[in-house]
Number of protein chains: 4
Amino acid sequence: MLQIEWAEMHMPVVARFIRERFEQEKPLKDVRVGATLHVTKETAALVRTLVAGGAEVRLAASNPLSTQDEVAAALARHDGVEVCAWRGMSEDEYFSCIRWVAKWEPNIVIDDGGDLHATLHKEYPDVAGRVWGGTEETTTGVIRLRAMEKEGVLRYPAIAVNDAKTKTMFDNRYGTGQSTIDGILRATNILLAGKIVVVAGYGWVGRGIANRARGMGARVIVTEVDPIKALEAVMDGFDVMPMMEAARRGDVFITATGNKKVIRREHIEVMKDGAILANAGHFNVEIWVPDLEEMAVSKRVIRPNVTEYRLPDGRRIYLLAEGRLVNLVAAEGHPSEVMDMSFANQALSAEYLVKNRGKLEPRLYMVPREVDEEVARLKLRALGIEIDRLTEEQKEYLSSWQL
Amino acid sequence: MLQIEWAEMHMPVVARFIRERFEQEKPLKDVRVGATLHVTKETAALVRTLVAGGAEVRLAASNPLSTQDEVAAALARHDGVEVCAWRGMSEDEYFSCIRWVAKWEPNIVIDDGGDLHATLHKEYPDVAGRVWGGTEETTTGVIRLRAMEKEGVLRYPAIAVNDAKTKTMFDNRYGTGQSTIDGILRATNILLAGKIVVVAGYGWVGRGIANRARGMGARVIVTEVDPIKALEAVMDGFDVMPMMEAARRGDVFITATGNKKVIRREHIEVMKDGAILANAGHFNVEIWVPDLEEMAVSKRVIRPNVTEYRLPDGRRIYLLAEGRLVNLVAAEGHPSEVMDMSFANQALSAEYLVKNRGKLEPRLYMVPREVDEEVARLKLRALGIEIDRLTEEQKEYLSSWQL
Amino acid sequence: MLQIEWAEMHMPVVARFIRERFEQEKPLKDVRVGATLHVTKETAALVRTLVAGGAEVRLAASNPLSTQDEVAAALARHDGVEVCAWRGMSEDEYFSCIRWVAKWEPNIVIDDGGDLHATLHKEYPDVAGRVWGGTEETTTGVIRLRAMEKEGVLRYPAIAVNDAKTKTMFDNRYGTGQSTIDGILRATNILLAGKIVVVAGYGWVGRGIANRARGMGARVIVTEVDPIKALEAVMDGFDVMPMMEAARRGDVFITATGNKKVIRREHIEVMKDGAILANAGHFNVEIWVPDLEEMAVSKRVIRPNVTEYRLPDGRRIYLLAEGRLVNLVAAEGHPSEVMDMSFANQALSAEYLVKNRGKLEPRLYMVPREVDEEVARLKLRALGIEIDRLTEEQKEYLSSWQL
Amino acid sequence: MLQIEWAEMHMPVVARFIRERFEQEKPLKDVRVGATLHVTKETAALVRTLVAGGAEVRLAASNPLSTQDEVAAALARHDGVEVCAWRGMSEDEYFSCIRWVAKWEPNIVIDDGGDLHATLHKEYPDVAGRVWGGTEETTTGVIRLRAMEKEGVLRYPAIAVNDAKTKTMFDNRYGTGQSTIDGILRATNILLAGKIVVVAGYGWVGRGIANRARGMGARVIVTEVDPIKALEAVMDGFDVMPMMEAARRGDVFITATGNKKVIRREHIEVMKDGAILANAGHFNVEIWVPDLEEMAVSKRVIRPNVTEYRLPDGRRIYLLAEGRLVNLVAAEGHPSEVMDMSFANQALSAEYLVKNRGKLEPRLYMVPREVDEEVARLKLRALGIEIDRLTEEQKEYLSSWQL
């Protein structure tokens, strides 16, 4: 399939370097890997590498709207992967697919958002108890796992792939930064130069979006609840203010907080006619759509992925992608190059969990430093970039305190 | 039609401020306006404003691939405009449409690229002799008109709308800057961060693209033939080198010179496997496709608007949009906000040509300063931005040299 | 003198390429060149190149505070140049020096600010009538010359060196951009990151300052009176608003308009405690110091070049460099590299005026295009940067309209 | 003293908010605080706040060249602080002063670079054994403390103030970023636009410098030994390559690695004539000056803080500030605003150590999160910036995994 071929060309770490080793070493031989991921061409590259490593794979969608149907078909047809995913599935269908993965009794679970982990723990506690280990792709999912760990209910070791440096920094910052802008442009084709863009949240995702929006000529306002991040945004040259004040000024609003009701009735009430709302966070709860639905006197789709809500006073508010992830729904999600790093961490973490089966506690683990650095090294190799190495004298200097 | 409605909402200068005045004053009453323009939703907004001013309009496509068919249909159906344009027309069909406009004996001609002006002068000199005046939207067209003026063959006064400050600076720089990036992302979905992007030409278009590419995290190399522009690029922090050297380094190449064969056999021969070529100049001659066709051992479309050429040594070169304008073919062309300024200059220049019928010589004219400033003022009003005014004392100070 | 040596190393165009040719060709042999310039190490490099070309030179200061006394001494002692300039001269002394140049009956006059041109025309009209030609370094001086031309009183041809592309773009934008920031940092040592910097005027100087301030992490507000420039600032991502509104928000204010009373009583009245005022325009009239003097209840110098004005309500306003050019008074003015380009235009323009003695009218002329391009070419050579050249086929393409 | 007054105006957190509380609560009553810090106006503000809290203070210089003599005098005269520091002290004198602090048997030690900690442990182990706790201001010092902790020789609890988010991010990145550029400009007055600046190290300091250099128009190359940081630099749009290759290209080199011999003979051998070398790391070992001394045939100071080394082949290399911290030696070190945050962490950490006397182990501790956030909150208050607060519903959402 051409799309997957195109993706794999831009994913040399997963689709070339790691896959070649997996094919030889078969580190996942006969391992059942149950995955909930956005079913995209990049995910295909990961799944094929897992299969190359010997795994059996069941794949469910991690979002009802993000599936690329041709990819799902190609995986099923050519790679022998069982897939439960189609674009536009209902909420019920979405969870049935997740249950279908859970009931299969996977050894390793790979999740994106935490719905698979949550379903396993809530509905299939026995299965969860037999899982060797899991990984989690997103901030949101990691927050949920951390809560589970804290409550003492987590039943298997889980690796926070999301927190790998080569994942968070690159995926969240550079990937979501670009693809969110891309999604907004595809949906609206507006000119960003001169617009006021309000970015809610200054974590890695928010930082990436704020920088890219500025890079396209927008004036950017950041909102935050964390004083340290707020101060960092100020020092990076952004305006920082409460959402209540930003709401009056913004032309485009982008949420990236991992929290709910970040944009709600009180904010919408003071927005300008024509304001555009987009969400870059995992769940469609950051922009509180029920408020918009209640407030509106009429509603229509004016362009694909652009819904116009007309308010009683005549103002029009435009919601992109129904408040779901704008980069996935209105564009193609992360560029393949970014998923290459993220999924390299997934593949190597899955291998790590298999190798260390039984040795890990039911806790949330960081991606091992050596995995993280290996991913960076492979990526630099793919880019043809060389870097310096410490001399022996320098190594000694760094490790000595008696100068 | 919803698309036109969306465009007009983002074109307050043309579709609100000027149109309202035109409706009252009818400055183009019974004037035959023959136009060759990209048939897009924004062009629809301009045409409807011309019609509101009393004009009869015939519209032909200015590019065989850029027509949005629904827009053409909507204009014909709802606005009584005669349109000769469809997506994917042949070179022959393209020129027949231009001739169909010329033969109609327009009073005012609006052109984008200069094919209408050239056709009138070469094939319909008598008609050209009766034209009241013309306007030209692009750098390329202005270069051609200037050559005609220099050779003494120009038969009617022509206004270089392209050179209006509120056109060149905004359309070429901000519009093409953003939409070229947008076109490349839609066509390829590659990650720009970390890529080496080579921009050929540091005119307004090249500047815009170079800045936006940097804004997305790319490392940017500029090539130029003009020493002053080259030096400016250096001072703006870009690497500058001959194309022969840049060809070895680039991941993505974007031409924006207005010249031909800017990327040719000798450059392609040294490019990296996977290099991506895109054109942002008016004609599809900047990347010399015949060289690529000759060099390749095979060719296939790997994604919409992405053609893969495989060279004898196995390297793959990706040509976007067949070397045509990538922002028009692979994306939606300029954002409406930009076309608003450009087309405001068109509408007010057409009005100016009608008002000054018979008073102008067959020369190339600048957009009158008052038109230019009026466009800026209307745009600022639309943005809700106020600026300072000179006090009487300050005006006096500026006009006095005896301090 | 080491300072001049350092400057000349960073001025290869004036101090190496042009000087070597002047030494051989002596194009200024026995020409009396009267100059009013900031007496700095870079001016020394220019003067020595003029002398190398055969000229006799009289040099007066173009600003009472900008003279580097050691440079004045070195020029007089080692290069046989007559100099009338010392740091801290009075207004009277300043004008006596200008008169001392005028009375000498120079053949060529080089001015910076227009005081020499004005004095010649007002007080020495006969001498002015015999001058072969003049040049002008600054925007302010060019405005004054243009007013003189318009009133029909200009008595000799004058070249607007300020308007050369290789001068305006580089000197005004990159030079003043950097050195204004430098002057503010030396005077105050404040952190720019996170501060709100208000830049009055978005001409080349204002653009340069706004970009550099943003590059240091500041949030930048631009004020303008020209709608086109205001719109450009918006599209470049800056906030634009009237000074009355910006005055309430700014931490640092920088004037760069060429106009007077840009910051005045009404603005100072609403500023924050601790606001810092700096001027980057030629004359110390942009920040209206008399208003500040009248409003203050006390005044003291808190650091070199920082004067604190305490207002009746306790707020403290800090005026840098007494409202004079902050980059010259608090720092070292333009970096040598920039003056290299500006003074290359001066040297070549002086040569041009001598060569074309008697052939030019008493008008304001642009720097000839070939001079401008020659300066750029020499600078690129100095930087070791090569650029592309048009092929014959490309040249033909560009000059042809019949494609 | 006016300088200290100026600093304190820009240090509202230390000199107003914390000092006022310390004056009332006297948390450091009768505590002997021995400090080794750069003796600058900002340090004066910290010391006066410690004194306000009840402490007795002995202060030694942390760098032989960084003392502002008037500040030392003012502290001694007006604030009853014992100071051992003067600009230009010898290496011997420098260490005598450190011993003078150690011998005084301080309860709390505040260090900048680790020389005080090292001296205490090596020469005064008994005193070290009685110290309640220490803090450390720099990366270098923290590396040394970590080595001591690892070897099991650390004798008292130490807080890595350097690693506080409100210290590292702001001080290292924004502070050193700006002040390093400032130091280079004051020393050289070169134009950064168009120059190639090589930044060695992409830690917080390197990041800050790279961004500011780019913000001034330079083309920036980064060198690194860490693959993750190297990749981050690439993704941020910088060129990354080994120093051996960068050495051939750079105009200005800035070291910020915390390591030694980062620029050495092999690099200097291939540098361009006129190359400028500056160090932003704590110790003067990053640029290996002995190599330069050996290679040079002559050496002279061409401007204050600029030493010219002439190599046998005629090339001239310019070393700034003798390879010492360029921002401290050639400029005024960090802006007061930055030191405000850093020293707020120092003051609150000292208070914390006193409060928790006897409860902490002889380990290296992070700055407590609540101290870090308090500093950020106080700084935002000083800037007049408000931020959002989580609603109860949002707090609950964040802490729940059962959505």
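Residues numbered from 1 in each chain as written. Chains lettered and ligands numbered in written order. Predicted model: local features only at pLDDT ≥ 70, side-chain atom pairs only at ≥ 80, totals over all residues. Heavy atoms only, no water.

Colleague: Would you take a moment to explain the UniProt feature "binding site: substrate" (unreviewed entry) in chain A for this structure?
Modeller: All names here are of chain A. The feature "binding site: substrate" (unreviewed entry), as annotated in UniProt, sits at Thr40, Asp112, Glu137, Lys167 and Asp171 in this numbering. Counting through the fold element by element, Lys167 comes out in helix 9 (residues 165-188). In this structure Lys167 touches Glu137, Val161, Asn162, Asn172, Ser342 and Asn345, once residues within four positions along its chain are discounted. Separated by 3.1 Å, the side chains of Lys167 and Asn162 make a polar contact. Within the fold, Asp171 resides in helix 9. Of the residues examined, Asp171 reaches a relative accessible area of 3% and is grouped as buried. (UniProt positions renumbered as here; feature names shortened; annotations may be inferred. Helix = DSSP H or I, 4+ residues; strand = E, 2+ residues; numbered from the N terminus. Contact = heavy atoms within 4.5 Å. Polar contact = N/O pair within 3.5 Å; in protein donor to acceptor, adjacent residues only side chain to side chain. Buried < 20%, exposed > 50% of the residue type's maximum accessible area, 1.4 Å probe, protein only.)

Colleague: Sorry if this is basic, but what is going on with the relation of the copies chain A and chain B here?
Modeller: One chain copy maps onto the other through a rotation about an axis and a shift parallel to that axis. You can overlay chain A on chain B at an RMSD of 0.0 Å; the transform is a turn of 180° with a shift of 0.0 Å along its axis. Here the symmetry operator amounts to a two-fold rotation axis. Relative to the rotation axis, the closest C-alpha in chain A is found at Gly215 of chain A, a distance of 1.8 Å. Of the interface residues in chain A, 100% have counterparts in chain B that sit at the interface too, so the contact is made through matching surfaces. (Least-squares fit on C-alpha atoms with pLDDT ≥ 70 in both.)

Colleague: Is there a simple way to explain the interface of chain C and chain B in this structure?
Modeller: With 64 residues of chain C in contact, the opposing surface of chain B contributes 64 residues. Roughly 5700 Å² of surface becomes buried between chain C and chain B when both sides are summed, with 66% attributable to carbon and sulfur atoms. Our count for the contact surface shared by chain C and chain B stands at 8 salt bridges. Here Lys261 of chain B and Glu393 of chain C are joined by a salt bridge, their closest N and O atoms 2.8 Å apart. (Buried area = accessible area lost by both parts, 1.4 Å probe. Salt bridge = Lys/Arg side-chain N within 4 Å of Asp/Glu carboxyl O.)

Colleague: Just to check I follow, could you spell out the sheet that holds strand 6 (residues 158-159) of chain B for this structure?
Modeller: The strands that make up a sheet are held in pairs by hydrogen bonds between backbone atoms, and each pair lies either parallel or antiparallel. Residues and elements named next belong to chain B. With parallel pairing, the 7 strands of this open sheet are ordered in space as 3-2-1-4-5-6-15. At either end of the open sheet lies a strand with only one pairing partner, and these are strand 3 (82-84) and strand 15 (364-365). Where strand 4 (residues 108-111) lies against strand 5 (residues 133-136), 4 bridges are found, and the strand directions are parallel. Bridged to Ile110 within strand 5 is Thr135. Most of the contacts of helix 3 (residues 41-52) go to strand 2 (residues 56-61), to which it runs at about 160°, and overall it touches strand 1 (32-37), strand 2 and strand 4. (Pairing = 2+ DSSP bridges. Axes fitted to C-alpha atoms, helices over the stretch in contact; angles between N-to-C directions.)

Colleague: Please clarify how the relation of the copies chain C and chain B should be interpreted in this entry.
Modeller: The two copies are related by a screw motion: chain C maps onto chain B through a turn of 180° and a shift of 0.0 Å along the axis, at an RMSD of 0.0 Å. A share of 100% of the interface residues of chain C reappears at the interface of chain B, consistent with the copies meeting face to face through the same patch.

Colleague: Explain unusual backbone geometry here, please?
Modeller: For residues that are not glycine, phi is negative in most cases, and the peptide bond is trans in most cases. If you check the backbone angles, Asn189 of chain A has positive phi at about 55° while not being a glycine. Mapping Asn189 of chain A onto the fold places it in the loop between helix 9 and strand 7 (196-200). Residue class for Asn189 of chain A comes out buried when judged on its relative accessible area of 2%. With a phi angle near 55°, Ala321 of chain B is a residue other than glycine that sits in the positive phi range. Summarising the element assignment, Ala321 of chain B is placed in the loop between strand 14 (316-320) and helix 15 (326-329). Residue class for Ala321 of chain B comes out buried when judged on its relative accessible area of 2%.

Colleague: I keep staring at helix 9 (residues 165-188) of chain D and nothing clicks. Help me out?
Modeller: Residues and elements named next belong to chain D. Its 24 residues place the ends of helix 9 33 Å apart at the C-alpha level, agreeing with the 34 Å of an ideal helix rising 1.5 Å per residue. The largest bend in helix 9 amounts to roughly 35° and is located at Thr176. Within helix 9, 23 of the 24 residues are buried, which leaves the element mostly enclosed by the surrounding structure. A positive backbone phi angle near 55° is found at Asn189, which sits one or two residues after helix 9. (Expected span 1.5 Å × (residues − 1). Bend = angle between axes of the 7 residues up to and from the residue.)

Colleague: Where do I start with the nonpolar core in this structure?
Modeller: As a rule of thumb, soluble globular proteins bury nonpolar side chains together. Core analysis: the largest hydrophobic core is formed by 230 residues, its most contacted members being Ile108 and Leu120 of chain A together with Ile108 and Leu120 of chain B. Excluding residues within four positions of it along the chain, Leu120 of chain A makes contact with Ala102, Val109, Pro125, Val127, Ala128 and Tyr156 of chain A. Residues Val220 of chain B together with Val71, Met169 and Ala376 of chain C belong to the second largest nonpolar core, which totals 229 residues. (Core = buried A, V, L, I, M, F, W, Y, C linked by side-chain atoms within 4.5 Å.)

Colleague: Mind showing me how you'd approach the UniProt feature "domain: S-adenosyl-L-homocysteine hydrolase NAD binding" (unreviewed entry) in chain A here?
Modeller: Here the UniProt-annotated "domain: S-adenosyl-L-homocysteine hydrolase NAD binding" (unreviewed entry) positions come out as residues 172-333 of chain A. Secondary structure over residues 172-333 of chain A splits into 37% helix and 22% strand, and the C-alpha atoms at its two ends are 11 Å apart.

Colleague: Which parts of the structure should I look at to understand the packing of helix 1 (residues 2-9) of chain D against helix 3 (residues 41-52) of chain D?
Modeller: Any two packed helices are characterised by how steeply their axes cross, that is the angle between the axes, and by the distance between the axes. All names here are of chain D. Where helix 1 contacts helix 3, the axes come no closer than 8 Å and their chain directions differ by 75°. Here helix 1 is positioned roughly perpendicular relative to helix 3, judged by the angle of their axes. Every residue of helix 3 that contacts helix 1 at Gln3, Ile4, Trp6, Ala7 and Glu8 is listed here: Lys41, Glu42, Ala44, Ala45 and Arg48. Grouping the amino acids of the contact of helix 1 with helix 3 by side-chain chemistry returns 5 nonpolar, 1 polar and 4 charged. (Parallel < 35°, antiparallel > 145°, perpendicular 65-115°, else oblique. Nonpolar A, V, L, I, M, F, W, Y, C, P; charged D, E, K, R; others polar.)

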